[in-house]
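Architecture at a glance
Now for the letters of each chain:
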Amino acid sequence: MMDEDRRYIADLMLLRLARWLRMAGHDVSNPPEGADDSDLIEVALAEDRTLLTRDRVLARRCKKSGADCILIRSSDLEEQLGELADAGLSLELDPVRCTLCNGPLEEVAGSDIGDPVRRPEEGSLLWRCERCGKLYWRGSHWRGIRERLKRTGD
Ligand SMILES: [Zn+2]
């Protein structure tokens with residue numbers, strides 16, 4: 001399977017990592033509300049997702065049940081991204097996923113946005129989450145994200 005087509009589910013300890021992976025365009029589900037280990041494995045199997053976890057016991061159970069799993073060793077975000085880069089994940093900034101809810105982003109024209117306070121600079125590219133409505137646009141923090149991803153991806 002191409003890594004670009006691979007889908008993931010993060011466990012509760014890795015929600016921050018999941019957000020960063022979404023910025024790089026990866027499809028990463030959050031764990032369902034109140035999900036226990038068995039639920040996570042069930043979702044991974046049912047939706048053909050690779051489980052990302054720092055829990056060795058869960059990783060072992062996951063593999064035993066036939067689901068894909070990547071065991072993350074570090075508790076440090078940049079090191080975690082580095083581990084995934086080593087595992088072959090692309091960490092190029094690619095705005096196709098909402099970092100909060102994993103919904104797909106659609107490109108919108110600035111004039112489609114009703115609230116003038118939130119309108120970005122004229123002519124900037126703008127995306128809206130189809131699921132939760134959060135807006136994204138290129139700006140200074142965007143460049144910071146790109147640089148941080150680049151650093152860990154090298
Ligand atoms: Zn969203």
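In the block above lies the structure referred to throughout.
Residues numbered from 1 in each chain as written. Predicted model: local features only at pLDDT ≥ 70, side-chain atom pairs only at ≥ 80, totals over all residues. Heavy atoms only, no water.

1. Re the pairing of strand E6 (residues 126-129)
Going by this rule: Paired strands, as defined in this entry, are two strands with at least two bridges between them according to DSSP. A run of H or I in DSSP becomes a helix once it reaches four residues, and a run of E becomes a strand once it reaches two; helices and strands are each numbered from the N terminus.
With 4 bridges connecting them, strand E5 (residues 105-108) and E6 associate as antiparallel partners. The partner of Val108 across the bridge, within E6, is Leu126. With 3 bridges joining them, E6 and strand E7 (residues 135-137) adopt antiparallel strand pairing. Bridge pairing in E7 links Trp127 to Tyr136.

2. Notes on the coordination of the zinc ion
Rules: The rule for donors is simple: N, O or S, within 2.8 Å of the metal, or within 3.2 Å if the metal is Na, K or Ca. Water isn't counted, so a site may look like it is missing partners. A site with four donors is called tetrahedral when every donor-metal-donor angle falls between 85 and 135 degrees; four donors are called square planar, and six octahedral, when opposite donors sit more than 155 degrees apart and all other angles fall between 65 and 115; any other arrangement is irregular.
Note on the zinc ion: its protein donors are Cys98 (SG), Cys101 (SG), Cys129 (SG) and Cys132 (SG). The metal-donor distances range over 2.3 Å. Around the zinc ion sit 4 donor atoms; with metal-centred angles ranging over 101 to 118 degrees, the donor geometry is tetrahedral.

3. Overview of the side chain of Ser74
Applied cut-off: Per-residue accessibility, obtained with a 1.4 Å probe over protein chains only, is compared with the maximum for each type, and a residue is labelled buried under 20%, exposed over 50%, and partly exposed between these values. For the purposes of these results, a polar contact is taken to be a pair of N or O atoms within 3.5 Å, where, inside protein, one atom must be able to donate a hydrogen and its partner to accept one; residues adjacent in sequence count only when each atom of the pair is a side-chain atom. Contacts between residues were defined by any pair of non-hydrogen atoms, one from each residue, lying within 4.5 Å.
Among the structural elements, Ser74 can be located in the loop between strand E4 (69-71) and helix H4 (77-86). Judged by its relative accessible area of 9%, Ser74 is buried. Separated by 2.9 Å, the side chain of Ser74 and the backbone nitrogen of Asp76 make a polar contact. A distance of 2.7 Å separates a polar atom in the side chain of Ser74 from a polar atom in the side chain of Glu79. Not counting the four nearest positions on each side in its chain, Ser74 is found in contact with Arg54, Glu79, Gln80 and Glu83.

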